[in-house]
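Survey of secondary and tertiary structure
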Amino acid sequence: MMASSYNAKEEDGHHSGSSTHGGTGAPKNKKPDNTAFKQQRLPAWQPILTAGTVLPAFFVIGLMFIPIGIGLYVTSNNIKEYEVDYTGVEPNSPCYDCANNFTWNSTTPCVCTVTFTLTQPFESNVYMYYGLSNFYQNHRRYVKSRDDSQLNGVQSSLTNPSKECEPYRTNPETKQPIAPCGAIANSLFNDTLELYYSQPDGNTSKVTLVKTGIAWYTDKHVKFRNPGNDKDNLTERFKGTAKPVNWLKPVYELDPSDSENNGFINEDFIVWMRTAALPTFRKLYRIIQKKPDSTPTLASGKYVLKITYNYPVRSFDGRKRMILSTISWMGGKNPFLGIAYITVGSICFFLGVVLLIIHHKYDTRSNSADIPN
Amino acid sequence: DREYNRSFKYATNAIKTSKYNFFTFLPLNLFEQFQRIANAYFLVLLVLQLIPEISSLSWFTTVVPLALVLTVTAAKDATDDINRHRSDNQVNNRKVEVLIDRKLRSEKWMDVQVGDIIKLENNQFVTADLLLLSSSEPLNLVYIETAELDGETNLKVKQALPVTGDLGDDIEKLADFNGEVRCEPPNNRLDRFNGTLAFAGQKYPLDNEKILLRGCTLRNTDWCFGLVLFGGQPGTKLMQNSGKSTFKRTSIDRLMNVLVLCIFGSLVFMCMILAIGNYIWEVKNGSNFTVFLQRKHSAGFSAFLTFWSYIIILNTVVPISLYVSVEIIRLGNSFYIDWDRKMYYSRSDTPAEARTTTLNEELGQIKYVFSDKTGTLTQNIMIFNKCSINGKSYGEIRRLTLKDPVDFSFNALADPRFVFYDHALVEAVKLENPEVHAFFRLLALCHTVMAEEKKEGELLYQAQSPDEGALVTAARNFGFVFRSRTPDSISIVEMGNQRSYELLAILDFNNVRKRMSVIVRSPEGKLSLYCKGADTIIYERLHQSCSKLMDVTTDHLNEFAGEGLRTLALAYKDLDEEYFSRWRERHHEASTSLEDKESKLDELYEEIEKDLLLLGATAIEDKLQDGVPQTIEQLAKADIKIWVLTGDKQETAENIGYSCNLLREEMKDIFIVSGHSPEDVRQELRNAQNSMKPDGAANSLLLTEEKSKNLIKDEEANGEYGLVINGHSLAYALESSMELEFLRTACLCKAVICCRVTPLQKAQVVELVKKYKKAVTLAIGDGANDVSMIKAAHIGVGISGQEGMQAVLSSDYSFAQFRFLQRLLLVHGRWSYLRMCKFLRYFFYKNFTFTFVHFWFAFFCGFSAQLGLEMSYWTAVNTFFVLGSLAMYFAVTFTMYSNGMFLIFPSAFPFIGTARNSLNQPNVWLTIILTSILCVLPVVTCRFLLIQLCPTINDKVRQARATPPPPPRRSRIRRTSSRRSGYAFSHAQGYGDLVTSGRFLRRPAVPRASGFPQVGRAATGFSPMGRSAGYSPTGRPQNLKVPDVEVTSLQMYRTFSDGDL
């Protein structure tokens, strides 16, 4: 559209000397081959910026981008999202005690509850995230501190993890190799979140949270595999390894309810192991399936979030959040993209108008330049 | 005596040009390669990456490209070296006969020792630098060809000392030869040798004339004996001269170096910032984050390590791989030059060749072209084009119709290469028109050409100038075949009949006389004088009776000259027997008189050459190469200034200047600077300047000012001018006091022609322009005398023609025809430059984007040197696919992200699934579209505005193309002053003296079956100096080694003979 076909031939000189003919002699002379590549005659394309191509392009882009932007913006606005910070920084917040009284080796878990109200019902599948702030999952030493071979179920790496995992490579006391080793695994997010709906009649009902399907297919089935023979007991397969220092339970007991979701292929673990790019991030925690009938997945009303508070973030000024969100075809809530599209579209349109005016003012000079060669 | 010489431990004659052997190859080659900054940089990066604390990238991102570059270079070096080994072996194992123990034994070249006496035979290469002892030829002469040394294919003469020459080929005597040579240590000067030979109690001085240098070839000499002076690698002058030529860099190279240094500085600066950031983060955040990430180092040490980590990560901003990529692009462009069919010359089957691959983009920046004339602009072939006989002009037809050329089959001895289109002339010859016959008889008799008849009927003329050759060849084809000559006779075949003319006198050519005459007695006994020469000179000596013919012929001459042809007038006169015998006596007297011989002879000549009868005039075309005027016109349009530097005479050069469009009739004025003193030259230059820039009065003040700045600004003259400067004036003009004045004048002119210049001056002129004009220069030439100029210019171009290979060998580009220069500069140069610029811009852009992402990301990841983007493919893409095409990007990405790769190396390729999962999201694609539009938008807007508001040259050119160019103006304005009689002016003193003296026939002629007197063999000794082509102009400084350029091999020969008699 905005181009003219461009051919190297046109740039050739005009001499018609004897060199153009005369290849009839000995077959093996030094005359270069007459191929399009060697003679630089390969078809090429070069945009030629003329008023006839540039101005329509600007208008078309403008007219295309503005509706796309509006569509994106509307879609994004239709997404419902609710966020609860349960870190417990303020003294009056429900989890203040849990946050302050945290010790690594307490046997009784500290539980706190946060109540919140959804003003609008959430339709379709609802995704439940946990979010952390000021958590440098992208620190180089942190990112490096893992052994992908071990996580892939390679037996030798299980018993002898990579040096990258230091200082979370072996248990300092028992000298047993840690499985899974490294700082990332060691810092696995281990708060347990449960959601209860306070029905208007005063009863509370537990919202069903699905814990599978939150990890990438490739991670679950290719990248992460349990070591050893599938027939053996998981406990047997992880024998001779120690649990990470910060963990309460060994890796093969991560999900007591589902034996298929244990070991390295535990989805919570897999999600955690995909490190976030920025210090403030959210990770998918659970999915709330939409109901078969037409009732909303999460009706509007009061909800209770029950937190088993295990994860300390106060020391580095971190924050913990729980996010509920629906998604659309274009993903989660993201008003920026829509706004950006609208802005760029408008600029295009505006520039188109400006250029049109300029073009008309300086019409005489450019006309002759437009003549194709 | 061999043992005695061996005791001095002189170098043996073995040569070794190879660099490595089997065992040293790897270490030496690697050492050399790591001396290149790019490789060393990669190595440092690799070492840094091996430190786990610092390493932020996987090792293979550096190793793979480094290994690749090293392997390719090593493979190339290895093949080069293997070839060198082979050629060394071949040379070292050549056999030569050495005199050992009083016997001649065949020895390998490498076993030859200094002090050995060796015997060389005809057509053998000279084994080492030898002192010539004796030879098979009289006067102990040997003939050698020095093509390998200086590229000249003509024969040169060397002569042994008489005292050693007496040894002859007597083995016993030679074995007893016991002399001592004291000489200067080995050096690289081909033209000088100093030494003495102490033999039998006497000392004899040795000079270059007695030395045979290694690399020469013995010709026309059955055998010769020589004493080895220098041998092998360190000694021989050939080896000393095969040094490396200086490495040429382009301006883009220099710019790139500066840029890279600046960028490196900014890299260090960025890394410092990030290291400081890391320190702050470690103190503020890191200390609190220890719950999940234990700390290993103090904040300070961590910052130090981070600095190095970021050096690795951000290394992409220092485009060291740029050098590799640039080299590859240049190589590609060079291949395109090699492959270009439009620069292929089918007649000699030579494609263009980019001998230096690193200068392509400089070709697009050429401002000044310095060109040689002969062989470069012209073909060095003279063609008999037109003639006027007895008031009738022939040859006009060629212009009008494309008729078949004249069929010369009636003449068995005709030269098949000769082409003539006017059938009327042949008819006239066949009708036995007496004037026409006289005309061609004159051409066949009045010359100093030597004929060589290798086979019956296959004549080869050795002419002293191509003009003469052309004239004699014309006569030959029209049935007046010059067959052979002896000192006192000339045999010609007139229309099939063999006739022998008695040659009584040759009144030879010189610059003052501008004519030559012969006096011959025909077989019938008629005495005649035939004269040819410059028309003005001849006209003064004509008999009154032909005044009418004079007028007609003058018209013709003007016409010929107007077309740029070189004209010559022919006249004859019959002599009275009595008068002639008297004249001959006086002539003899004069030529034997000791004092004032020249002027006495001149007087005599003057006396006899009068009352001539005009026969007609000839017009010879100094044939330009195809397309030269058009090429020069095109280059001039591109604002490229062309200076012609030639050894020719001023008039010849001017003539050519006109015919190749360099000088034009429309030009306001042509300044001719030919002063013989500094003051004259300065005045002439000043005058020229004043008329070109009448307002630039205070120029001398300006000049001194500019000189301090070492730069001269470009100025505009008030019209088109040309400048012609003579060699002797140029010598003054190039002095430091006047060079600026000269340069300023010259640069004001559209065209500059320097004539009678020496090779050294050529180089000086180039250097002068290079020094004061910040412009890129190109020198183009074909002969050994152009080598200095080719080497001095930014870019040297060699015409790979007939004349040796010396110019080509020292050039950067070579092709067969001058007109290819247009394509080389305007197409390849421009494209290379544009491509390189685009590439560089893209490269820097890409690197900066990529790197700044990491810089930006550092602020989010605690300055921990974590990568924000996946980078492993990066270096591979950089090296392999310079433009990193999208398809390649995805192919590489998906390969590296594939299950297979992960399963093979779980820890090296942990990216599995990333691409699939992220590219599934519409968000990603929407963002990609948005960003690409956003990136392109400002550029398109800017460019569009630029085109609209101020069109670039490109747009203007497009505009210009739409309108047809004006037809080239080649008016036929008469310019009688200089363009007439170009031949006469360009001609130098001929061989006449020698022809009559008969000395050149001293050597016994080999008897042949054919009845013709044979001079063929001797004639090869007369190879015209310099040019190997059959014809050659004279008076050209040919050999850049011989300071006295006027000495021809022939004259040298003569000197020897005279000295000996």
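Along each chain, residues carry numbers from 1 onward, in the same order as the chain's sequence is written. Written order decides the labels, with chains lettered from A and ligands numbered from 1. Per-residue local features of the predicted model are confined to residues with pLDDT of at least 70, and side-chain atom pairs are confined, for both listing and counting, to 80 or more; whole-chain, interface and lining totals are unaffected and use all residues. Side-chain metrics in this entry use all non-hydrogen atoms of the structure; hydrogen atoms and water are not considered.

- An unreviewed UniProt entry lists chain B under the name Phospholipid-transporting ATPase, with Poecilia mexicana given as the organism.
- Check the Sequence similarities (unreviewed entry) section of the UniProt entry for chain B; it says "Belongs to the cation transport ATPase (P-type) (TC 3.A.3) family. Type IV subfamily." UniProt positions are given in the numbering used here, feature names are shortened, and annotations may be inferred rather than shown by experiment.

- As named in an unreviewed UniProt entry, chain A is Cell cycle control protein, taken from Poecilia formosa.
- Under the Sequence similarities (unreviewed entry) heading, UniProt states for chain A: "Belongs to the CDC50/LEM3 family."

1. Let's talk about the interface of chain A and chain B
- Note on contacts: a residue pair is in contact if any heavy atoms of the two residues lie within 4.5 Å. The interface of chain A with chain B comprises 87 residues on the first partner and 80 residues on the second.
- Buried area, as used here, totals the accessible surface that two parts lose on assembly, with accessibility defined by a 1.4 Å probe and the loss added over both. Buried area between chain A and chain B, summed over both chains or domains, comes out near 7800 Å², and the portion from carbon and sulfur atoms is 61%.
- Within this document, salt bridges are pairs made up of a side-chain nitrogen of Lys or Arg and a carboxyl oxygen of Asp or Glu, the two lying within 4 Å of each other. The interface formed by chain A and chain B holds 1 salt bridge in total.
- Here a polar contact is recorded for every N or O atom pair within 3.5 Å, except that within protein the pair must consist of a potential hydrogen donor and a potential acceptor, and residues adjacent in sequence are included only if both atoms are side-chain atoms. For the pair chain A and chain B, the interface holds 9 residue pairs in polar contact (both at pLDDT 80 or more).
- We count a stretch as a helix when DSSP gives it H or I for four or more residues in a row; a strand needs E for two or more, and each element gets its number in order from the N terminus. Of all the elements in the fold, those that place two or more residues in the side of chain A that touches chain B are helix 1 (51–78), helix 3 (140–144), helix 4 (148–151), helix 7 (217–223), helix 10 (335–361) and helix 11 (363–369) of chain A.
- Ranked by the residues each element gives to the side of chain A that touches chain B, the list is headed by helix 10 of chain A, at 10 residues.
- As a working rule, the residues Ala, Val, Leu, Ile, Met, Phe, Trp, Tyr, Cys and Pro are called nonpolar, Asp, Glu, Lys and Arg charged, and the rest polar, with Gly in that last group. Grouping the amino acids of the side of chain A that touches chain B by side-chain chemistry returns 42 nonpolar, 28 polar and 17 charged.

2. Re the sheet that holds strand 8 (residues 195–199) of chain B
All names here are of chain B.
- The antiparallel open sheet is built from 3 strands, whose spatial order is 7-8-9. The outermost strands of the open sheet, each flanked by one partner alone, are strand 7 (179–183) and strand 9 (202–206). Strand-to-strand, the axes of this sheet are offset by a mean angle of 20°, without reference to chain direction.
- Looking at chain direction, strand 8 and strand 9 are connected through 5 bridges and run antiparallel. Among the inter-strand pairings, Phe 199 is bridged to a residue of strand 9, identified as Gln 202. By definition, two strands form a pair when at least two bridges between them are found by DSSP. Angles shown run from 0 to 180 degrees and are taken between the N-to-C directions of axes, each axis being a line fitted to C-alpha atoms and, for helices, limited to the stretch in contact.

3. Here we look at the UniProt feature "binding site: Mg(2+)" (unreviewed entry) in chain B
All names here are of chain B.
- UniProt marks Asp 372, Thr 374, Asp 782 and Asp 786 with the feature "binding site: Mg(2+)" (unreviewed entry), using the numbering shown here. Spanning 415 residues, the named residues form one tight spatial group whose C-alpha atoms are at most 10.7 Å apart.
- Within the element layout of this structure, Thr 374 appears in the loop between strand 14 (366–371) and strand 15 (378–389).
- Three exposure classes are used, based on accessible area relative to the maximum for each residue type with a 1.4 Å probe and protein chains only: buried under 20%, partly exposed in between, and exposed over 50%. Residue Thr 374 is classed as buried on the basis of its relative accessible area of 1%.
- Relative to the helices and strands, Asp 786 is located in the loop between strand 30 (776–781) and helix 28 (787–792).

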